[in-house]
Amino acid sequence: MSRSRSRDHAAEARPSAGKAAMHGSKTQCPAPEKQQPAARPERMTGAAAVVRMLERQGVRHVAGIPGGASLPLYDALAARGSIRHILTRHEQAAGFIAQGMARATGVPAVCLATSGPGATNILTALADAKLDSVPVVCITGQVPTTLIGTDAFQEVDTYGMSIPVTKHNFLVRTAQELLTVIPEAFRIAASGRPGPVLVDIPRDVQLATLEVDSWPGPGLPDAPLMPDMEDVVGAAAMIDEAERPLMYLGGGVISSGAAPAARRIAEKAGIPVAMTLMGLGAVPSEHPLSLGMLGMHAARCTNMAMEECDLLIVAGARFDDRATGRVDSFCPRARVIHIDIDASELDKIRSAHLGIQGDVRATLEALEPLVAPCARENWLHRVEELRNGWGLDLPRTDDPVSPYGMILRTAEIVGPEAVVTTDVGQHQMRTAQAYPFSRPRQWLTSGGLGTMGFGLPAAIGAALACPERTVVCFTGDGSLQMNIQELATAVEQRCNIKIILANNNALGLVQQLQNLFFERRVFATDYSVQVDFVRIAEGFGMPAVDLGASRDPLGMLEAALTTAGPCLVNIPVAVSESVFPMVPPGAANTEMIEGDGHDRTEAAA
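Residues numbered from 1 in each chain as written. Predicted model: local features only at pLDDT ≥ 70, side-chain atom pairs only at ≥ 80, totals over all residues. Heavy atoms only, no water.

S.K.: When you look at the packing of aromatic side chains in this model, what are you seeing that I'm missing?
M.R.: How two aromatic rings sit relative to each other is given by the distance of their centres and the angle of their planes. Here the structure, examined in full by the defined rule, presents 7 aromatic pairs. Centre to centre, the rings of Tyr248 and Phe319 are 5.5 Å apart; their planes meet at 90 degrees, and the pair counts as edge-to-face. Here the residue Tyr248 occupies a position in strand β10 (residues 245-249), and Phe319 occupies one in the loop between β13 (311-315) and α12 (321-324), the gap between them amounting to 71 residues. Both residues of the pair, Tyr248 and Phe319, count as buried. A connected cluster of aromatic rings, assembled from ring pairs, spans Tyr435, Phe437, Trp443 and Phe474. Above the face of the Tyr404 ring, Arg430 is positioned so that its terminal group lies 5.9 Å from the ring centre. (Phe/Tyr/Trp six-rings, centres within 6.5 Å; stacked < 30°, edge-to-face > 60°. Helix = DSSP H or I, 4+ residues; strand = E, 2+ residues; numbered from the N terminus. Buried < 20%, exposed > 50% of the residue type's maximum accessible area, 1.4 Å probe, protein only. Lys NZ or Arg CZ within 6 Å of the ring centre and 35° of its normal.)

This is the structure we're talking about:
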């Protein structure tokens, strides 16, 4: 049996042949039907069976790097020739490419790694997928079963190490088990709260032969978990009674496909909407009910509106500290309705007056007809007052080489159909604040783990999954250098990605924290070598331009963004350009600071 963290599964019922009844000796028995020859079982290796089942799952791309323990699988991929392999330069990037495909489509994507260092390199990408609930299936090679536990060459306990950073994992012991394990991995990854699943396959299992009488069906998501309708009726009553309700939408709204229902409820009942970093795009940025992102780098009006609400409708969000600030001061006067597929999230951080476990889309669709239409003019007028007095004041947006200007000009040029990825840092927060997101799955970023190096490989994955769209990757020089080798992968795959590099030659967000909260003791956040990213990109075969050296930066930016294929755009940014407003670590969301460092805790009149 495979070693697995799953529950026991009942064996599939097999139809048994019955005997024809004889009605008497005088009855002439019908001539026996001519037996059709049974289909000959297909005989193949475990590795070949894996490839066949990936085909049956609809997999068209896999990303990875081969090694000794995974060579049988790679040989089977080559023999079939049906699945396009993306050869990355680092296994972590393979995991992020799979994430880019999965985040852009909602369908589980696949990455591969060999044993030992290959497996350990990919764990960061799996941890990132776990925290952001991204459906990824990672298949790793392992040393032969006879060598497991002997400290063999390139042996690590992949199964044991991956337990904390995956939704589920398997260590396969026989080739026959692959027929169950592979579909089950896809089912688990996509069901309920999505997440990464790891399948560790020893080399001898890949090489072992098995006979396949009939192929299992593809692993499909379980039916959505329906909410208790009594709870849904109660939620509708709470919404109808509220004078100042506010919706707080998280990544679960995106992953469940609940954004249209959430928007309809907001419009029907006159409810303003705030979104987490992972929930951006659930309601378009330009929608009159949208308050944008809440939390650490939100507009002050958003956090202030949340302070004043009397009912908080939380859907697919987990009260992350970057969203709530100090939780005991978060929406202190509000009753809370919390909707989540994961029961462990209910009452984990903030107690709910009504907790509803259920698929977010199914729950909101059940709630929508029960909510009474309501204009809520007084509340929306108050929210508009807050927006007018305390909205985002983004500096120098008319300058295409300013931090915010380059984001807004890029958005204008690429249009609303583009997909946006980011790395992690100041550029990420600025993009979250300023980019005009118009739909779900337009925005791909590392939220829970905050992984530098995410942006470029995730952009490659999104470009592979959505070849008809332009993909823009906003990044910083610190983040880009984490996986800069994947510039070569982007060139090889002819991905239509545009890398917008805000280059301040520093770890900007960390240095901002040092300046604000560590008495300006800047340490280990300045680079002493000024990297020439244009020459490096060109060395990888990627066209690149430097807007800082251009007499017509806007024209150069437009040309770079509208020319097919990959391109890097370097934009020098002063390290003194911090990102504000900001909630200090450990503070309440109402205790925001501006660029001048002064508190802005007073409420608007």
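Read on, since the account is not over.
S.K.: Just checking my understanding: could you explain the environment of Leu87 for this structure?
M.R.: On the secondary structure map, Leu87 appears in strand β4 (residues 84-87). The exposure class of Leu87 is partly exposed, given its relative accessible area of 38%. Separated by 24 residues in the primary sequence, Leu87 and Ala63 have C-alpha atoms spaced 6.1 Å apart. Sequence-distant contacts of Leu87, that is, excluding residues within four places in its chain, are made with Gly64, Ile65, Pro66, Thr489 and Glu492. (Contact = heavy atoms within 4.5 Å.)

S.K.: How should the sheet that holds strand β15 (residues 354-357) be read in this particular structure?
M.R.: Within a sheet, neighbouring strands are paired by backbone hydrogen bonds and run either parallel or antiparallel to one another. Spatially, 6 strands are ordered β12-β11-β10-β13-β14-β15 in an open sheet, and the strand pairing comes out parallel. Strands with a single pairing partner mark the edges of an open sheet, and in this sheet they are β12 (290-293) and β15. Across this sheet, the average inter-strand angle for adjacent strands is 15 degrees, counted without regard to direction. Pairing of β13 with strand β14 (residues 335-340), which is carried by 5 bridges, proceeds in the parallel orientation. The residue bridging Leu312 from the neighbouring strand is Val336, located in β14. Contacts from helix α11 (residues 300-308) reach β10, β11 (273-275), β12 and β13 within the one sheet, and its direction differs from that of β12 by about 110 degrees. (Pairing = 2+ DSSP bridges. Axes fitted to C-alpha atoms, helices over the stretch in contact; angles between N-to-C directions.)

S.K.: So what exactly am I meant to see when it comes to helix α1 (residues 46-56) here?
M.R.: Note: α-helices contain 3.6 residues per turn, so residues at a spacing of three or four share the same orientation. Judged by how many residues are buried, α1 sits mostly within the fold: 9 of 11 residues are covered. Of all the residues in α1, the buried ones are Gly46, Ala47, Ala49, Val50, Val51, Arg52, Met53, Leu54 and Glu55. After α1 finishes, the residue Gly58 shows a positive phi value of roughly 85 degrees.

S.K.: Got a minute to help me understand the nonpolar core in this structure?
M.R.: Proteins that are soluble and globular tend to have nonpolar side chains buried together. In terms of nonpolar packing, the biggest core is built from 66 residues, with Leu249, Ile337, Leu364, Leu367, Tyr435 and Ile500 touching the most fellow members. Setting aside its immediate chain neighbours within four residues, Tyr435 contacts Ser285, Ile407, Ala411, Val414, Gly415, Ala418, Val420, Arg430, Gln442 and Phe474. Core analysis: the second largest hydrophobic core is formed by 47 residues, Ala102, Ile460, Cys466 and Phe533 among them. (Core = buried A, V, L, I, M, F, W, Y, C linked by side-chain atoms within 4.5 Å.)

S.K.: What exactly am I supposed to notice about the packing of α1 against helix α2 (residues 71-80) here?
M.R.: The geometry of a pair of packed helices is captured by two quantities: the angle between their axes and the separation between those axes. One way to put it is that α1 packs onto α2 with a least axis distance of 8 Å and a crossing angle of 55 degrees. Of the possible angle classes, the one that applies to α1 and α2 is oblique. Crossing of α1 against α2: the hand is right-handed. On the side of α1, the interface is formed by Ala47, Ala48, Val50, Val51, Arg52 and Glu55, while α2 contributes Pro72, Leu73, Ala76, Leu77 and Arg80. For the contact of α1 with α2, a count of residues per class yields 8 nonpolar, no polar and 3 charged. (Parallel < 35°, antiparallel > 145°, perpendicular 65-115°, else oblique. Left-handed = near helix turned anticlockwise from the far one by under 90°. Nonpolar A, V, L, I, M, F, W, Y, C, P; charged D, E, K, R; others polar.)

S.K.: Would you mind showing me how to read the sheet that holds strand β19 (residues 497-503) here?
M.R.: Spatially, β17-β16-β18-β19-β21-β20 is the arrangement adopted by the 6 strands of the open sheet, whose pairing is parallel. Strands at the two margins of the open sheet, each flanked by one partner only, are β17 (443-444) and β20 (544-546). Where β20 and strand β21 (residues 567-572) come together, 3 bridges link them in parallel fashion. Note that in β21 the partner of Ala544 across the bridge is Leu568. With respect to the sheet, helix α17 (residues 455-465) is in contact with β16 (419-422), β17, β18 (471-476) and β19, its orientation differing from that of β18 by roughly 175 degrees.

S.K.: Honestly, the pattern of salt bridges in this entry has me stumped. Any pointers?
M.R.: Oppositely charged side chains can pair when the atoms bearing their charge come close. Under the defined criterion, the tally for this structure stands at 30 salt bridges. One salt bridge in this structure joins Arg264 and Glu368, with 3.0 Å as the shortest N-O distance. Here Arg264 is found in helix α10 (residues 259-269), whereas its partner Glu368 is found in the loop between α13 (360-367) and α14 (377-390), with 104 residues between them in sequence. When the shortest N-O distance is used, the salt bridge between Glu308 and Arg382 registers 2.7 Å. Here Glu308, found in helix α11, pairs with Arg382, found in helix α14; they are 74 residues apart in sequence, far enough to count as distant. Pair check on accessibility: Glu308 and Arg382 agree, each one buried. A cluster of three or more residues bridged by salt bridges with shared partners is formed by Arg193, Asp342, Glu345 and Lys348. (Salt bridge = Lys/Arg side-chain N within 4 Å of Asp/Glu carboxyl O.)

S.K.: What exactly am I supposed to notice about the packing of α1 against helix α6 (residues 178-190) here?
M.R.: In the contact formed by α1 and α6, the axes pass within 10 Å of each other and the chain directions differ by 35 degrees. You can see that α1 and α6 cross each other, and the crossing is right-handed. Within the contact between the two elements, α1 uses Gly46, Val50, Met53 and Leu54 and α6 uses Leu178, Leu179, Ile182, Pro183 and Phe186. Here the contact of α1 with α6 is composed, by residue class, of 8 nonpolar, 1 polar and no charged.

S.K.: What is the right way to read unusual backbone geometry from this model?
M.R.: Peptide bonds are trans in most cases, and residues, glycine excluded, mostly fall at negative phi. In this model, Phe580 is joined to Pro581 through a cis peptide bond whose omega is -5 degrees. Mapped onto the elements, Pro581 comes out in the loop between β21 and β22 (592-593). Its identity is not glycine, yet Phe319 carries a phi of approximately 55 degrees, on the positive side. Residue class for Phe319 comes out buried when judged on its relative accessible area of 1%. Even without being a glycine, Arg441 presents a positive backbone phi close to 60 degrees. As for its position among the elements, Arg441 is in the loop between α16 (426-434) and β17.

S.K.: What is the right way to look at the pairing of β19 in this model?
M.R.: Consecutive side chains along a regular strand alternate between the two faces of the sheet. Of all 7 residues in β19, 7 are buried; the element is thus mostly enclosed. Side chains Ile497, Ile499, Leu501 and Asn503 project from β19 onto one buried face, and the interleaved Lys498, Ile500 and Ala502 project onto a second face that is buried too. Where β19 and β21 come together, 6 bridges link them in parallel fashion. Across the sheet, residue Lys498 finds its bridge partner in β21, namely Cys567.

S.K.: Help me understand the environment of Ile83 in this model?
M.R.: For Ile83, the position within the fold is in the loop between α2 and β4. Each C-alpha atom of the pair Ile83 and Thr174 lies 24 Å from the other, and the pair is 91 residues apart in sequence. The residues contacting Ile83, other than those within four sequence positions of it, are Val51, Leu54, Glu55, Val59, Arg60, His61, Val62 and Leu77.

S.K.: Help me out: how do you make sense of the side chain of His287 in this one?
M.R.: Positionally, His287 belongs in the loop between β11 and β12. At 3.0 Å, the side chain of His287 forms a polar contact with the backbone nitrogen of Leu289. Contact partners of His287, with chain neighbours within four places excluded, come to Arg263 and Glu267. (Polar contact = N/O pair within 3.5 Å; in protein donor to acceptor, adjacent residues only side chain to side chain.)

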